[in-house]
Amino acid sequence: MTKLFLALACSTALLAGCDNSRDRAEDKLEADAEASAVAAGPTIAALGLTEMQILNADLLGANGIDLGDVEAVLKGPDGKVDRLLVEVEDSNPDKFVAVPVAGLAVIRQGDDIDLSSEMTKAELMALPAEPIPRP
């Protein structure tokens, strides 16, 4: 019985450590993306938007349903933004995917800016997961 308890306690500690490591990695990703957006300033990054506007946008499906949050802009070899790193809404554990900028549309409602995609949540979930850089 003691061995079982010890094994459960160790498993719980390992899982907690993984969650903390993942949380730190996600926090670093967010901080790095925000720092990049601040450094880029008012320069248009893609879709007629600045990096900060893109980071503050939600990704919506064609039906207006929230598909996920934009976490970072990703640039191709030419230095231009060609994909967005999106955290898929309600994924557990959090899943991050690269969504091509081509095909996205900007939706403006007052001061609120979102992005619209023809993709469904199932199609986003089918995309390969993007690794999160570890701190």
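Provided above is the structure to which this section pertains.
Residues numbered from 1 in each chain as written. Predicted model: local features only at pLDDT ≥ 70, side-chain atom pairs only at ≥ 80, totals over all residues. Heavy atoms only, no water.

Peer 1: Would you mind going over unusual backbone geometry with me for this structure?
Peer 2: Glycine aside, residues mostly have negative phi angles, and peptide bonds mostly take the trans form. At the junction of Asn92 and Pro93, the peptide bond is cis and its omega measures out at 5° in the coordinates. Take Pro93: it is sitting in the loop between strand S5 (81-88) and strand S6 (96-100). With a phi angle near 60°, Leu47 is a residue other than glycine that sits in the positive phi range. Mapped onto the elements of the fold, Leu47 is located in the loop between strand S1 (44-46) and strand S2 (49-50). In this model, Asp90 sits at a positive phi of 60°, which is unusual for a non-glycine residue. Summarising the element assignment, Asp90 is placed in the loop between S5 and S6. The class of Asp90 is exposed, set by a relative accessible area of 65%. (Helix = DSSP H or I, 4+ residues; strand = E, 2+ residues; numbered from the N terminus. Buried < 20%, exposed > 50% of the residue type's maximum accessible area, 1.4 Å probe, protein only.)

Peer 1: How should the nonpolar core be read in this particular structure?
Peer 2: The nonpolar side chains of a soluble globular protein tend to be buried with one another. Core analysis: the largest hydrophobic core is formed by 30 residues, its most contacted members being Ile54, Leu59, Leu84 and Leu115. Breaking this core down by element, the ones donating at least two residues are helix H1 (2-40), helix H2 (51-55), strand S4 (66-75), S5, S6 and strand S8 (112-116). Ignoring sequence-local partners within four residues, the contact set of Leu115 consists of Leu47, Leu49, Ile54, Ala57, Asp58, Leu59, Leu60, Val70, Leu84, Leu104, Ala105 and Val106. (Core = buried A, V, L, I, M, F, W, Y, C linked by side-chain atoms within 4.5 Å. Contact = heavy atoms within 4.5 Å.)

Peer 1: Looking at this model, I keep getting lost on the pairing of S8. Mind explaining?
Peer 2: Each regular strand shows side chains that alternate between the opposite faces of the sheet. Here S8 lies mainly inside the structure; four of its five residues are buried. When strand S3 (residues 58-60) meets S8, the two strands line up parallel, connected through two bridges. Opposite Leu59, over in S8, you have Leu115 as the bridge partner. Sheet analysis places strand S7 (residues 105-109) next to S8, joined by five bridges and oriented antiparallel. Counterpart to Ala105 in the pairing with S8 is Ser116. Connecting the antiparallel pair S7 and S8 is a turn made up of two residues, with Gly110 showing a positive phi of about 65°. (Pairing = 2+ DSSP bridges.)

Peer 1: Help me understand the sheet that holds S3, please; the structure alone is not making it clear to me.
Peer 2: Sheet strands line up and pair through hydrogen bonds in the backbone, either parallel or antiparallel. Reading across the sheet, the six strands line up as S6-S5-S4-S3-S8-S7 and stay open at both edges, with mixed pairing between neighbours. In the strand order of this sheet, the two ends are held by S6 and S7, each with one partner. Shown here is a sheet whose adjacent strand axes are inclined to one another by a mean of 40°, direction ignored. (Axes fitted to C-alpha atoms, helices over the stretch in contact; angles between N-to-C directions.)

Peer 1: Where do I start with the environment of Asp114 in this structure?
Peer 2: Of note, Asp114 is situated in strand S8. Residues Asp114 and Ala57, spaced 57 residues apart in sequence, show a C-alpha to C-alpha distance of 4.4 Å. Among residues more than four places away in sequence, those in contact with Asp114 are Ala57, Asp58, Leu60, Ala105, Val106 and Ile107. Here Asp58 takes part through its backbone nitrogen, which lies 3.0 Å from a polar atom of the side chain of Asp114. (Polar contact = N/O pair within 3.5 Å; in protein donor to acceptor, adjacent residues only side chain to side chain.)

Geometric values such as these leave the question of function open.
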